[in-house]
Structures are given as C-alpha cells and as structure tokens.
Amino acid sequence: MIILAHISPPAIIHQLRNFDVPLMVLISGMAFGLSFKQEAYSNYLWKRIKRLLFPVWIFLTGYFATVALLDLNIETLSARKMIRSYLLIDGIGYVWIIKVFLLVALVSPLIYRIHKTTSSNKIYFSYIALAFVGYEMARLLSQELFNTESGKIIEAISHYLIPYSLVFAIGLRLPSLQRNEIFWSASLCFILFVSLALFLFIQTGGFVPTQTHKYPPTLYYFSYALGIALVAWTLSGTVQHLLDKVATLKAITLFIAQNSIWIYLWHIPFVKIATGPFPVKYLLVLTSACILTWVQVWIVNNWAAKIPKDTSSQRNIKILFTG
C-alpha cells in the first residue's frame, strides 16, 4: 500500500489505502512485544541502527553513484539533497518512513516497560488517549513556533516521535485484547474520524483527504488509519487461514514480510522510471522491486554471506542486505 501511494493512484484508492504507515508501526509494536529480550540499551540501539539505517545508507550510496556515473535524468543531484537523504529528512523522498521507525525504536524499551507494568487495559489506553489529545493540542498551539529552519528540524523529530510511539504502544497491547474491545476501539476511531471529517467539510466545503494531515500527522489522520487497521486485525484470522491453505501465496507473503525494507528501497528507482496506466505501473514497480530483492537475497544467502568464515560477519551481512 505504501508503494501504491507513490504511483499516484485515483483519489478514492489513495484515501482508502491511507492507513499503511500507522499499520506498519502497529505491527512493529506487536512484533516487538513478542520478540523483545532485555539487554543493554546500547546493544539494543546498535542492532536497530544496523537493521534500519545502514541498509538505507548503503542503498542511497549505490543509488547516487549509479545516477551520477550513468548520468541518469531520473534525479537532479545536489549536495543538499544527498545530505538530507542520508539524514532521512526529505532529499530524494520516500526515506522519511525509516526515520519514523528509528525514532520509535529509541523509546520502544520504555514503552514496553509501561506496557508490562500497566495491567489494566482501561488505564493503559486512557494514558494513550490523553497523550494523543495532548499532542494534538500542543501541535495546534505551536504551529507558529516551527516556521523557522531550526523549528522545522525540531518538528521533524517531535511531531513524529510522539504520535507514532503512541501507535506503537497500541500495537504492544493489541494481541491481548478481546474481539469486543477491538470492535469498540475501532468504533471510537471511526466516530472521531467522521466527526473531524464533517468539521473540515463545513470549513472547506468538501471532503478533506487524510493525506493532507499526514506531515506532520494529526488526530484526523490517525483516527481513520487506526480504525481501518483495527478492523484489519479482526480479519487477520481469515487471512491466516487462506495463507495456510495456499502454500505459494503464503511463501510470497512471508518473503515480502521478511524483506520489506529492501523491497521498499528498490521500488524507489522503479517508481521514478516506470510509465503507463496506473494499474500497469503499480504492478511493474512492485514486481520489479520484489524480483530484484529476491535476486539480492539469493546472492546473499548462497554466496556473499558464506565468504567470511566467522559467524558474526555472516550474520551482519544478512542483517544489512536481507530482512
């Protein structure tokens, strides 16, 4: 769905799929809750940097070198654009999502501790709701403060760290919720979304897409995204049943899930060069990125990772170029 957004689909499709980034963060919280093991914070953070930041830097270096050496017209390179790309600010675009995951990773152990020490769902979600309201109020009241260059840098951190960390916190607790609790949570999200949509409709005279409230994200954007994501979670058992029945579909799904970062990275050049009608362009970009990632993973697993003799180097190569 994130790749789909970059193909410029029709407006209705663009709106329907606009829950993808919060869904990724929600899933990240669920996975973290299942796999986290206590360790030194420095070790934990180093692992996250290796898994998230270094692959992006490797890709960007190869991307910039290729564009410069072949003089490709898909990108106008400048020192400013390259630096801002490496810093995950904007640059070539598309890499800001990695910044979100890195920021959330910084505070994930702390959120996990709060999750484990707060047994009551009502109290836990009350904390999250109050924090969301507090964030929204602070965002509205501080808009003028972030018009300067330094203010925009602060906003690029605070206005993504806080709300997406709250989505991560929801993901931590989600697997333990009863179906009726998920239903009521989704209903509250949709009520909030419809209320805000009506308010904006009265102000503007038309429906305001949640995409316009994504940078930085607002409560309007999250209310829709979380509502859809929670409904999707209630349907996940049906999807799992289908995947268990169709082995090929399950294998493809697992491959995409396990190698999502490199599929995402490889889609960037393809989305810049692909042409044609929207459905054709989408299939071309997605398929090309998946195939190239499959080739990369095959080379790593069958050749590159076997060159070093020590297991630590082998593991690091796999961390950087797969997963």
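Our structure's up above, just so we're on the same page.
Below you will find a few notes about this structure. (Residues numbered from 1 in each chain as written. Predicted model: local features only at pLDDT ≥ 70, side-chain atom pairs only at ≥ 80, totals over all residues. Heavy atoms only, no water.)

1. Section: the overall build of the protein
A tally of regular secondary structure across the protein gives 15 helices and zero strands. Of all intrachain contacts in the protein linking residues separated by at least 6 positions in sequence, the fraction that spans at least 24 positions is 72%. Put simply, the protein shows about 17700 Å² of open surface, and 70% of that area lies on carbon and sulfur atoms. Computing the positive centroid from 26 side-chain charges and the negative centroid from 12, the protein places the two 9 Å apart. (Helix = DSSP H or I, 4+ residues; strand = E, 2+ residues; numbered from the N terminus. Contact = heavy atoms within 4.5 Å. Areas by Shrake-Rupley, 256 points an atom, 1.4 Å probe, with all protein chains shown as cover. Lys, Arg positive; Asp, Glu negative; His and termini not counted. Charge placed at Lys NZ, Arg CZ, Asp CG, Glu CD.)

2. As for the side chain of S85
Relative to the helices and strands, S85 is located in helix α5 (residues 79–86). Classification of S85 by relative accessible area gives buried; the value is 0%. A polar atom in the side chain of S85 sits 3.0 Å from the backbone nitrogen of I92. (Buried < 20%, exposed > 50% of the residue type's maximum accessible area, 1.4 Å probe, protein only. Polar contact = N/O pair within 3.5 Å; in protein donor to acceptor, adjacent residues only side chain to side chain.)

3. Remarks on the nonpolar core
Grouped together as the largest cluster of nonpolar side chains are 61 residues, with contacts concentrated most on F132, Y164 and L226. Of all elements in the fold, only α3 (20–35), α4 (41–70), α6 (96–117), α7 (121–141), α8 (149–173), α9 (179–204), α10 (219–234) and α13 (260–273) reach the threshold of two or more residues within this core. When residues of this core are assigned to their parent elements, the largest contribution, 11 residues, is made by α6. With residues up to four places along the chain from it excluded, the contact list for L226 reads L26, F132, V167, I170 and C189. (Core = buried A, V, L, I, M, F, W, Y, C linked by side-chain atoms within 4.5 Å.)

4. As for the pattern of salt bridges
Applying the stated criterion across every chain yields a total of seven salt bridges. For the salt bridge of K47 with E39, the shortest nitrogen-to-oxygen distance reads 3.1 Å. Of the residues examined, K47 reaches a relative accessible area of 39% and is grouped as partly exposed. Judged by its relative accessible area of 31%, E39 is partly exposed. Put simply, K272 and E75 hold a salt bridge, and the shortest N to O gap is 3.1 Å. Placement of the pair is K272 in helix α13 and E75 in the loop between α4 and α5, with a sequence separation of 197 residues. Residue K272 is classed as partly exposed on the basis of its relative accessible area of 26%. Since its relative accessible area comes to 10%, E75 is described here as buried. (Salt bridge = Lys/Arg side-chain N within 4 Å of Asp/Glu carboxyl O.)

Just distances and angles here, no functional claims.
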